[in-house]
Amino acid sequence: MPIPAPSTPGVLTGQSGGSFPSGPSTPVTGGVAIDPNVAILDEETQENDQAWAKLTDEELAKIVKADRDWAYSSFQIYYDKLPDYYKLYRSYSDNAVTEGRSNIFVPYVFTMTENMHARMMSAFFSQRPFIRITPREPAPTTDATLSAQKAEVYLDSQMDSPRSLRTFDCWLKMAEVFGTAYYKTRWTTQKGYRIKRQKSGVPGLPGETLSGGAGPEETIIYDGPDGSVFAPGQLLPDPTCGPDVQKAAFIIEEGYKPLSYFQQKEKEGVYVNTKDITASSSTPVFPALHRMASANKATEGAVPENRKMVKYWEAHYAGGWVFTIVEEKFVIGRRKSIIAHGLYPYVAAHFIQVMDEPFGIGIAEILEALQEELNTGRNQRTDNINYS
């Protein structure tokens, strides 16, 4: 995607249309993808990289907020429809219940979604290998063929993990209902503690018992691939990227975390200056809880100890910058991406892709009018029977 060069010397123009001193909100690379394995960058990219590094916290927070507001406002009409699609899936109606009148909700969207979901999961996971890998060479050697087979077995073993399968299931269903959903992939090493027990007595004879050890010992509970699912509006890519988020000039990930989370991450060396974070000035919005509350399945309440966190990924030409900002002003993380392939760790799933648009069409949107017709017809017939 061609990215415009600065129109004014000394002032780099951001994607959101604002001009900011010292640096851009998108990389000025002329749209040329750079091999992340090449250490020597072209002069223009080096200048852009240095511009990001020289930004003050105030300048960086201003750029990120401008890009975030632009990314959200561009598709706010679509985002505002998502609770309606969720209500259709949950068979929930906002219509007031009138005494003596029928208020039946025919679960048509739910039935069609679950039917389609079962078919798609079966298509993906009914046969092994789940993902077929073929060597790149037209006439692959024995070693290349063997490497592809090993990769297939390795991927199968990873997908057999409950974490992977459960996350994939959630990602797919969200795309079916909303039209689009995002998946973030990463490697997770989760540590925990266990009580080491020791045997006492004569092995195999009565009286052999298990006794607790000296105390809990640290162990690795899980070490493998992991992922997170994001709904549209929770992950905000550059609005001009189209259906492929890898073409985005930036991606913004939003969420809320307790203050203890940031403090623990600072101890681990991930973040800095977390002591500067003050009380939250915004009401936390947790996507799953918010959706459930819209369908009267939960109650949203204030969680004052949580803070709004924005993770800003700038385009990964030769490994871009990743910034973490809390409450729109506290910059607690500045680092270069450590992802070797130089791409964003996000993948977009579109149930029905619409040309070059960034969002797909989901089952709820397709059946919205038909669902209303079914509900109206069923309730009218029920009322006629009751009043006849």
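Values in this document were obtained by computation on a predicted structure and should not be read as measured data.

Undergrad: Can you explain the sheet that holds strand β7 (residues 306-314)? Please cite residues and give values.
TA: Pairing within the open sheet is antiparallel, and its 5 strands lie in the order β5-β6-β7-β8-β9. Lying at the two open borders of the sheet, with one neighbouring strand each, are β5 (235-237) and β9 (330-336). Direction aside, the axes of adjacent strands within the sheet are offset by 20° on average. Bridge analysis of strand β8 (residues 321-326) against β9 gives 6 bridges, and the strand direction is antiparallel. Of the residues in β9, the one forming a bridge with F323 is R334. Strands β5, β6 (250-258), β7, β8 and β9 of the sheet are contacted by helix α2 (residues 57-74), whose axis makes an angle of about 105° with β6.

Undergrad: Break down the packing of helix α3 (residues 76-89) against helix α9 (residues 363-387) for me, with residues and values.
TA: The packing of two helices is summarised by the inter-axis angle and the distance between the axes. At their nearest, the axes of α3 and α9 sit 10 Å apart, and the two run at 65° to each other. On the basis of their axis angle, the class for α3 and α9 is roughly perpendicular. Seen along the crossing, α3 lies across α9 with a hand that is left-handed. The segment α3 lies against α9, with K81, Y85 and L88 engaging A364, E365, E368 and Q371.

Undergrad: Please provide a residue-by-residue account of helix α4 (residues 108-125), values included.
TA: Its 18 residues place the ends of α4 26 Å apart at the C-alpha level, agreeing with the 26 Å of an ideal helix rising 1.5 Å per residue. Where α4 is concerned, the buried positions are V109, T113, H117, M121 and F125. Down the axis, α4 shows its buried residues gathered within 90° of arc, on one side only. Looking at α4, the residues exposed on the side facing more than 90 degrees away from the buried face are R119 and A123. On its buried face, α4 is in contact with α3, α5 (142-159), α6 (162-178) and α9.

Undergrad: Residues and numbers for the confidence of the model for the chain, please.
TA: Across the chain, the average pLDDT comes to 80, with 79% of residues at or above 70. Contacts for the low-pLDDT stretch residues 1-15, under 50 throughout, to residues beyond four places or in other chains number 41 contacts. Note on residues 17-40: pLDDT is under 50 here. Beyond four places in sequence and across chains, it has 72 contacts.

Undergrad: Which residues make up α2, and what are the values?
TA: Between its terminal C-alpha atoms α2 stretches 26 Å, which fits the 26 Å expected from 18 residues at 1.5 Å a residue. Considered for burial, the residues of α2 that qualify are E59, L60, A61, I63, V64, D67, R68 and A71.

Undergrad: Lay out the nonpolar core in plain terms, naming residues and giving numbers.
TA: Counting 59 residues, the largest nonpolar core has L60, F178 and Y346 as its most contacted members. The residues touching Y346, leaving out its near neighbours within four places in the chain, are Y183, K184, F230, L235, V245, Q246, I251, E253 and W313. Ranked by size, the runner-up nonpolar core spans 7 residues in total, among them F262, Y271, M309 and F330.

Undergrad: Please provide a residue-by-residue account of the packing of aromatic side chains, values included.
TA: Under the criterion given, the structure shown has 21 aromatic pairs. With 5.6 Å between their ring centres and 10° between their planes, F250 and Y312 make a pair best called stacked. Of this pair, F250 sits in strand β6 while Y312 sits in strand β7, and the two are 62 residues apart along the sequence. No difference in accessibility class separates F250 from Y312, as the two residues are buried. Cluster of aromatic residues (ring-pair linked, three or more members): W52, W70, F250, Y312, W321 and F323. The ring of Y72 carries the charged tip of R68 above its face, separated from the ring centre by 4.8 Å. One residue, K257, lies across the ring of Y261, its end atom 4.9 Å from the ring centre.

Undergrad: Got a sec to walk through the pattern of salt bridges? Specific residues and values, please.
TA: Within the structure shown, the criterion is met by 16 salt bridges. Sharing partners across several salt bridges, the network here consists of K65, R68, D69, E254, K308 and E328.

Undergrad: I'd like a description of unusual backbone geometry, backed by residues and values.
TA: Of note, the amide linkage connecting R128 to P129 takes the cis form, showing an omega dihedral of 0°. Assignment of secondary structure puts P129 in the loop between α4 and α5. Unlike most non-glycine residues, N296 shows phi in positive territory, near 60°. When you line up the elements, N296 lands in the loop between α8 (287-294) and β7. Although it is not a glycine, E328 sits at a positive phi angle of roughly 65°. Inspection of the secondary structure puts E328 in the loop between β8 and β9.

Each value, and the rule that gives it
Residues numbered from 1 in each chain as written. Predicted model: local features only at pLDDT ≥ 70, side-chain atom pairs only at ≥ 80, totals over all residues. Heavy atoms only, no water. Pairing = 2+ DSSP bridges. Helix = DSSP H or I, 4+ residues; strand = E, 2+ residues; numbered from the N terminus. Axes fitted to C-alpha atoms, helices over the stretch in contact; angles between N-to-C directions. Contact = heavy atoms within 4.5 Å. Parallel < 35°, antiparallel > 145°, perpendicular 65-115°, else oblique. Left-handed = near helix turned anticlockwise from the far one by under 90°. Expected span 1.5 Å × (residues − 1). Buried < 20%, exposed > 50% of the residue type's maximum accessible area, 1.4 Å probe, protein only. Arc of directions from axis to C-beta. pLDDT = per-residue confidence, 0-100. Core = buried A, V, L, I, M, F, W, Y, C linked by side-chain atoms within 4.5 Å. Phe/Tyr/Trp six-rings, centres within 6.5 Å; stacked < 30°, edge-to-face > 60°. Lys NZ or Arg CZ within 6 Å of the ring centre and 35° of its normal. Salt bridge = Lys/Arg side-chain N within 4 Å of Asp/Glu carboxyl O.

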